[in-house]
Amino acid sequence: MKYVLMFVETEEFAAQLEAMGELEQQAAYAAVGQWFADHAGQITHHTHLAPVHTATTVRLDQGEPVVTDGPFVEGKEVVSGFAEVEVADLDEALRIARSWPACPVVEIRPVA
Amino acid sequence: MTGGVSQEVLARVVREHAGRLAASLVSLLGDFSAAEDLVQDAVETALRRWPAEGVPERPDAWLFTVARRRGLDVLRRESNYRAKLARLTWPAPAAPDDRLRLIFTCCHPALSRAAQIALTLRVVCGLSTAQIAAAFLVPESTVAQRITRAKRKIGEAGIPYRIPAGEELPRRVGEVLAVIYLLFNEGYLSSTAERAQARDLVDDAEWLAALLANLVPREPEVAGLLALIRLHRARGAARFDAQGHLVLLADQDRGLWDRQAIEQATALLTRAARGHRRPGPYQLQAAIVACHAEAATFAETDWAQILVLYDMLLHLAPSPVTRLHRAVALRHVKGPEAALAELADLGEVLERYPLFHATRAELLRELGRREQARRADERALELTANPAQQALLEQRLGWD
């Protein structure tokens, strides 16, 4: 089955990353790189999104399309990227998600 | 066939065989939802017909035949199941682990706790939606919706029908134990008025714990939970008086306790603790109950030992409610002042917990601070919705 793992960042996490020294930051990125390498066999596709300040939202349910600055929900948690994995079942997807070394929340959704 | 079957016998037979049938059918069909529908259908037919006709000599085969026939009807359009169903015979090929797989699937952490509970009761214990709704005092439609959603999620999200392997097993066993423990508490803590329904839940919890203990003998926490449930049940006859009022431990007639059951449960606990040396919250809670159960009189309770066990429990599973219980033990070891000091820290987190105020009231009364005690009891009374606890508090307020 195919699943998408959505990596969800929090303000707190972003601030922590920001506050790290250069070496620490490098170590954090290396851990992410290692994670992708470890699961290369299951990951079929992955993307990192540009930060949330670059988001633009178009609302189509108010007559005229309304374009606004920012993500569609103003929240403390934002999707920062995603990976698509091909695995046998949810347990295997969970195992991969559990070892994710970066941002604090991962949502797992099967690809319909 | 034997006629005139009591509800209790019926429940036992259904629980024993429905889980087995569900496990085999899910295994054979590879479709959780379809198998579960067939089992429920067979169970409902049984519950309708057995009271009048009696329990058949081979209830498992009877249920299987109904499930299979129903399956052939329903799936006439879906040929992939048709071929499989047509070949099925009972008893299905023996797979001792099937029921365990079923329990783990129903208690998968990707399902909400409420869904885990409803699904386990329905699929493993064979309870109907109406029975589950009655036991939890929620509308039947809510339970039906939870079960439907959970089954859909199992299928669509790819929750596997499998016993977790290796290092994942203990964590997942923990998930199952949490469900059983909640079932037990829901049944055990319910008041007399609800007891007729609720007793089924205590029964189901004990049955599930015993089944799990058979299937996973290497996890001492499973034995711990089973011992805990059995120790509580062994004292059940003394918990309520003739008027249906809750009787406090100190006032219980210990002659009504089932000494043999207490000894057996304690032995089970000791075997698990000595054999594995992996203490956990359920073993420790059972050990605390065992200390109470072994005391011939309330005065002979080994409070020092209980205090040690609470300290271990707090170390493994810190919780404000456990600290509250520990404070009660502390009162008997070091006096009410010390216990009251312990409670001072907990006031904020346990502000809405009736037992916190009731315990505080007892300590204050013991210290002669009657007005404060009365106010604490009144606060406890405001907060509890449990009629048995309400009656007890009202009685206590009446004495003042």
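Report follows, based on the coordinates. These numbers come from a predicted model, not from an experiment.

Focus on the interface of chain A and chain B
Quite often, the size of an interface is put as the accessible area lost when its parts meet.
Here's step 1: Contacts between chain A and chain B engage nine residues on the former and eleven residues on the latter.
Here's step 2: Note on chain A versus chain B: buried area summed over both sides is about 810 Å², and carbon and sulfur give 44% of it.
Here's step 3: A per-residue breakdown of the area chain A buries against chain B is headed by Leu 90, Asp 91 and Arg 98 of chain A, which together make up 56% of the total.
Here's step 4: The interface formed by chain A and chain B holds five residue pairs in polar contact (both at pLDDT 80 or more) in total.
Here's step 5: Of the residues in the side of chain A that touches chain B, the class split is five nonpolar, no polar and four charged.

A look at helix H1 (residues 7-29) of chain B
Three- or four-residue spacings in an α-helix give side chains the same orientation, since the helix completes a turn every 3.6 residues.
Here's step 1: Relative to the 33 Å expected for 23 residues at 1.5 Å per residue, H1 of chain B spans 31 Å between its end C-alpha atoms, a close match to the ideal helical length.
Here's step 2: Backbone geometry just after H1 of chain B places Gly 30 of chain B at a positive phi near 70°.

Points about the nonpolar core
All names here are of chain B.
Here's step 1: Grouped together as the largest cluster of nonpolar side chains are 127 residues, with contacts concentrated most on Leu 25, Trp 50, Leu 102, Leu 119, Ile 180 and Leu 212.
Here's step 2: In contact with Trp 50, not counting residues within four places along its chain, are Val 5, Leu 10, Val 13, Val 14, Val 55, Pro 56, Pro 59, Trp 62 and Leu 63.
Here's step 3: Ala 327, Ala 339, Leu 363 and Ala 376 belong to the second-largest nonpolar core, a separate cluster that totals 13 residues.

Focus on the sheet that holds strand E1 (residues 2-10) of chain A
Residues and elements named next belong to chain A.
Here's step 1: Reading across from one edge, E2-E5-E1-E6 is the order of the four strands in this open sheet, with antiparallel pairing throughout. The open sheet has two edge strands, strand E2 (43-48) and strand E6 (105-110), and neither has a second partner. Taken over all neighbouring pairs, the strand axes of this sheet differ in orientation by 20° on average, direction set aside.
Here's step 2: Sheet topology places E1 next to E6; six bridges connect them, and they run antiparallel. Across the sheet, residue Leu 5 finds its bridge partner in E6, namely Ile 108.

Quick look at the side chain of Thr 129 of chain B
Residue and element names in this part refer to chain B.
Here's step 1: Mapped onto the elements of the fold, Thr 129 is located in helix H7 (residues 129-136).
Here's step 2: On the basis of relative accessible area, Thr 129 is assigned to the buried category, the value being 10%.
Here's step 3: Ignoring anything within four residues of it in the chain, the contact list for Thr 129 reads Arg 122, Glu 140, Val 143 and Ala 144.

Cut-offs and rules
- Residues numbered from 1 in each chain as written.
- Chains lettered and ligands numbered in written order.
- Predicted model: local features only at pLDDT ≥ 70, side-chain atom pairs only at ≥ 80, totals over all residues.
- Heavy atoms only, no water.
- Contact = heavy atoms within 4.5 Å.
- Buried area = accessible area lost by both parts, 1.4 Å probe.
- Polar contact = N/O pair within 3.5 Å; in protein donor to acceptor, adjacent residues only side chain to side chain.
- Nonpolar A, V, L, I, M, F, W, Y, C, P; charged D, E, K, R; others polar.
- Helix = DSSP H or I, 4+ residues; strand = E, 2+ residues; numbered from the N terminus.
- Expected span 1.5 Å × (residues − 1).
- Core = buried A, V, L, I, M, F, W, Y, C linked by side-chain atoms within 4.5 Å.
- Buried < 20%, exposed > 50% of the residue type's maximum accessible area, 1.4 Å probe, protein only.
- Pairing = 2+ DSSP bridges.
- Axes fitted to C-alpha atoms, helices over the stretch in contact; angles between N-to-C directions.

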